[in-house]
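Structural features, examined
Residues per chain are reported as follows:
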Amino acid sequence: MSVAAQAPVRRAPRWLARHETLLTIILVIALIGLGAFNDRFLTLDNLLNQGRLMTEIGLIALPMTFVIITGGIDLSVGAIVGLCAIMLGYSWKTFGFPLPLAIVFALAVGGLAGFVNGLVITRVKVPPLIMTIATLALYRGLAEGVSQAHSVRGYPEWFYIMGQGDVFGVPTQLLVLIAAIVVAGVALDRTTFGRTLYAIGANETAARFSALPVDRVKLTVYTLSGLASGFAAFVLVSRVTTTRMDMGMGYELDVIAAVVLGGTSIFGGSGTIWGTVIGLVMIQLLKNGLALTGVKGDATIVVIGVALIVSVLIASSLQRRCD
Amino acid sequence: LRRFASQEALLAIAVIGLAVVVGFVNPRFLATRNLADILLGNAYIAVAAVGMSMVIISGNIDISVGALIGVLATISGSLAVAGAPVLVAWLVPLALGVAIMAAQGAIVAYLRIPAIVVTLGMLSILKGGLISVTGGKWITDLPQSFHLADLSVLGAPMPVVIMALATAFAAVWMRYSPSGRAIYATGGNAEAARLCGVDPQRTVLMVFALHGLFAGLASLVYATQLRVIQSTTPSGLELTVITASVVGGVSILGGVGTDVGSTLAAILIAEITSALVFINVSPYWTDAVRGGLILATVIADILRRQRRAARGWKK
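1. A short note on the overall build of chain A
Secondary structure summary: chain A contains 13 helices and two strands in total. Taking 20 Å as the expected radius of gyration for a compact globule of 323 residues, we find that chain A reaches 20 Å, a close match to that expectation. Taking all 323 residues of chain A together, the buried fraction comes to 58%. Counted over contacts in chain A with a minimum sequence separation of 6, partners at least 24 positions apart contribute 79%. With the model as given, the accessible surface of chain A reaches about 12900 Å², and the carbon-plus-sulfur share is 68%. Distance between charge centres in chain A, computed from 22 positive and 16 negative side chains, equals 8 Å.

Pasting the structure below:
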């Protein structure tokens, strides 16, 4: 590894630690504050239920953290969720696939959608922002075209275990999310793959000259993002029991908000899974807490928008002071 | 000579060619009524794309414009219904558009937060704010005099006049004025621009403020066309506007493109959407066609640039 690859790693934890500490403190204060306002908020039932609700965003936020660390972005994730949900429902209902095969098929479509993003980004060198804006329209359009706005429902009972079931009292998908968090965290922090992500984000040219497989790693990251979106689609369909073409609409905003709120720099080169998880939990609990204290759902979006801008402002001023 | 092979010329040919081909398949497509509907119904997208082109040329992006247009249209309509003078209902959205966009531009330019993050946050704020304030109520009983879009100048309907004027004004200004050239310089290479005496930060702020003005104008065309304003944000509008810019030849890498191209592209996209209906393709395929179109244009643009760079000269 070259100096360029190590430099940000050595420097980052200092302010990152601060950002995450700051975030955790805000989270704890928010928790206590919201809990004091409403006695339904800090109950185990409510918290577990919130865990259920945040899983889809969380699953996508993990690979999105990877993507953003490499200095990229993926705006097509919400559209991929919609496309995969439609593919799941249609391959089962219309093409007559057995349901387990339909699930695998949907995951494959998600992986393929992400792979196409990654392929064009690495081979043709289209900027990720533009590529994924284009495929956001394309994938959503395919979902609309294939489904012709028809929804699919009436899945068998076992299908709902993922979205509505419990294992030892914990929502099934929350366990999946926790496992995914551990895997992503270890992959990012303890493997060559993970360290390569930081190297690419910090200085892509330097990473190339250090003989790192830049294109292959980027391709992997975008494919993972598509795959995770496909899995999120499965969880979502299982939770809400129906397949619609507008599923996952606007997810990209929630996902990116969680990642950026968690301290991952949008310029690439720094960020942690831990931060993303805190960002994710914070957004979900903020939404829920505000809703319980009587704030309408739409007003909580405003709070998230403000939180996003303010947190990035604070992070960037902290970062400048550290440099 | 090279200008004839430009994106603008290609788009103009595509706009006419498509009309001829679809007209051949279904002559009703060429009915004056239909062509006028296409232009009138989409003029506001072209107007918004003028500002968006400037933002993209300067090397930034704005994904809050759709929500902003929804908010401004609602404010404009509410003012008119509340009995404010029509002129106030028309001018307040323009001023507010400039103010909101300038604020975002200031954060992007001076605090160096990437435009994608700032406008993403603003999108949430505007969208959530609008629904929680209005509750999604429809605005009806708009006074007759409010409908600016129903007026016409020398026989040309107002939305088309505004679209043409906005495009022409911006095109000339961007091509010939020093501040207009500064946008290209900033987007092409901010550091080089600075060394040439251009202030990139002020340029970005100015671009966003102007973009706000065009967004205000777009919301005006949009709102005054409607008999009922839905007081929600038109979903995916930002995407349509960005598509128009990108298909119009504005390069997302900054520094290249014109708003003539984006206006032509806005017309082309509207034409395609309408054509699909006339050749009996389900409207649910429209977005897929549009997505494929952006993808193809973007890839072609990048490949063309790479080939030019390989030949040893830039832009």
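2. Comments concerning the pattern of salt bridges
All names here are of chain A. Overall, the coordinates contain eleven salt bridges over all chains when judged by the stated rule. The salt bridge involving Arg-190 is made with Asp-189; its shortest N-O contact spans 3.2 Å. Looking at Arg-190, the relative accessible area reads 65%, which means it is exposed. Taking relative accessible area as the criterion, Asp-189 reaches 39% and is therefore assigned partly exposed. With a shortest N-O distance of 3.6 Å, Asp-254 and Lys-287 are connected by a salt bridge. On the criterion of sequence distance, the pair formed by Asp-254 in helix α11 (residues 251-261) and Lys-287 in helix α12 (residues 273-292) is long-range, its members being 33 residues apart. Among the residues examined, Asp-254 registers a relative accessible area of 25% and is labelled partly exposed.

3. Concerning the confidence of the model for chain A
Regions with low pLDDT should not have their predicted coordinates read in detail. Overall, the prediction assigns chain A a mean pLDDT of 85, with 93% of residues at 70 or greater. pLDDT under 50 marks residues 1-10 of chain A. Its contacts with residues more than four places away, or in other chains, come to eleven contacts.

4. Section: helix α5 (residues 128-147) of chain A
For an α-helix, the turn length of 3.6 residues means that residues three or four places apart are oriented alike. Residues and elements named next belong to chain A. Here α5 spans 27 Å end to end across 20 residues, near enough to the 28 Å set by a 1.5 Å rise per residue. In terms of burial, α5 is largely enclosed, as 18 of its 20 residues are buried. One or two positions beyond α5, positive phi appears at Gln-148, with a value near 50 degrees.

5. Points about helix α11 (residues 259-278) of chain B
All names here are of chain B. The first and last C-alpha atoms of α11 sit 29 Å apart over 20 residues, in line with the 28 Å expected at 1.5 Å per residue. Most of α11 is tucked away: 17 of the 20 residues are buried. The N-terminus of α11 is capped by Thr-258, whose side-chain oxygen sits 3.5 Å from the backbone nitrogen of Val-260. Just downstream of α11 lies Asn-280, where phi reads positive at about 65 degrees.

6. So, the interface of chain B and chain A
At the interface, 37 residues of chain B touch 40 residues of chain A. In total, chain B and chain A occlude about 3400 Å² of area from one another, counting both sides; carbon and sulfur atoms represent 83% of this. The three residues of chain B that bury the most area against chain A are Leu-120, Tyr-284 and Leu-295 of chain B, which together make up 17% of that side's buried surface. Linking chain B with chain A are zero salt bridges, by the criterion used here. Across the contact surface, chain B and chain A share two residue pairs in polar contact (both at pLDDT 80 or more). Put simply, the parts of the chain that give the side of chain B that touches chain A at least two residues each are α5 (115-134), α10 (237-247) and α12 (286-311) of chain B. It is α5 of chain B that provides the largest number of residues to the side of chain B that touches chain A, a total of 13 residues. When grouped by side-chain class, the residues that make up the side of chain B that touches chain A number 26 nonpolar, nine polar and two charged.

7. Things to note about the packing of helix α2 (residues 32-57) of chain B against α10 of chain B
All names here are of chain B. Put simply, α2 and α10 touch, their axes get as near as 8 Å, and they point 65 degrees apart. It follows that α2 is roughly perpendicular to α10 by the angle criterion. In the packing of α2 onto α10, the handedness of the crossing is right-handed. Where α2 abuts α10, its residues Tyr-44, Ile-45, Ala-48, Ala-49, Met-52, Ser-53 and Ile-56 lie against Leu-237, Thr-240, Val-241, Ile-242, Ala-244 and Ser-245. Here the residues of the contact of α2 with α10 sort into ten nonpolar, three polar and no charged.

8. So, unusual backbone geometry
Despite not being glycine, Phe-168 of chain A has its phi angle at roughly 50 degrees, a positive value. Tracing the backbone through its elements, the reader meets Phe-168 of chain A in the loop between β1 (166-167) and β2 (170-171).

9. A short note on the packing of aromatic side chains
Tallied over the full model, the rule gives eleven aromatic pairs over all chains. Between Phe-159 of chain A and Tyr-160 of chain A, the ring centres sit 6.0 Å apart and the planes meet at 70 degrees, which makes this aromatic pair edge-to-face. For the pair Phe-29 of chain B and Phe-278 of chain B, a centre-to-centre distance of 5.4 Å together with 75 degrees between the ring planes defines the contact as edge-to-face. On the criterion of sequence distance, the pair formed by Phe-29 of chain B in the loop between α1 (7-25) and α2 and Phe-278 of chain B in helix α11 is long-range, its members being 249 residues apart. Its relative accessible area of 19% is what places Phe-278 of chain B among the buried residues. Put simply, the rings of Trp-92, Tyr-155, Trp-158, Phe-159, Tyr-160, Phe-231 and Phe-234 of chain A pair up and form one aromatic cluster.

10. Concerning a nonpolar patch on the surface
Nonpolar side chains collect at one region of the surface, where Val-167, Phe-168, Leu-175, Ile-178, Val-182 and Val-186 of chain A lie side by side and expose about 580 Å² of accessible area between them. Considering the arrangement of structural elements, one finds Ile-178 of chain A in helix α7 (residues 172-190).

11. Section: the packing of α11 of chain A against α12 of chain A
Residue and element names in this part refer to chain A. As a packed pair, α11 and α12 sit with axes 7 Å apart at the nearest point and diverge in direction by 120 degrees. Judged by the inter-axis angle, α11 sits oblique to α12. As α11 runs across α12, the sense of the crossing is right-handed. Residue-level contacts link Asp-254, Ala-257, Ala-258, Val-259 and Leu-261 of α11 to Thr-276, Gly-279, Leu-280, Ile-283 and Lys-287 of α12. Its residues assigned to classes, the contact of α11 with α12 shows six nonpolar, two polar and two charged.

So, how was this worked out
Residues numbered from 1 in each chain as written. Chains lettered and ligands numbered in written order. Predicted model: local features only at pLDDT ≥ 70, side-chain atom pairs only at ≥ 80, totals over all residues. Heavy atoms only, no water. Helix = DSSP H or I, 4+ residues; strand = E, 2+ residues; numbered from the N terminus. Rg over C-alpha atoms; globule rule 2.2 N^0.38 Å. Buried < 20%, exposed > 50% of the residue type's maximum accessible area, 1.4 Å probe, protein only. Contact = heavy atoms within 4.5 Å. Areas by Shrake-Rupley, 256 points an atom, 1.4 Å probe, with all protein chains shown as cover. Lys, Arg positive; Asp, Glu negative; His and termini not counted. Charge placed at Lys NZ, Arg CZ, Asp CG, Glu CD. Salt bridge = Lys/Arg side-chain N within 4 Å of Asp/Glu carboxyl O. pLDDT = per-residue confidence, 0-100. Expected span 1.5 Å × (residues − 1). Polar contact = N/O pair within 3.5 Å; in protein donor to acceptor, adjacent residues only side chain to side chain. Buried area = accessible area lost by both parts, 1.4 Å probe. Nonpolar A, V, L, I, M, F, W, Y, C, P; charged D, E, K, R; others polar. Axes fitted to C-alpha atoms, helices over the stretch in contact; angles between N-to-C directions. Parallel < 35°, antiparallel > 145°, perpendicular 65-115°, else oblique. Left-handed = near helix turned anticlockwise from the far one by under 90°. Phe/Tyr/Trp six-rings, centres within 6.5 Å; stacked < 30°, edge-to-face > 60°. Patch = residues over 30% accessible without salt bridge, like charges linked within 9 Å, V, L, I, M, F, W, Y side chains within 5 Å.

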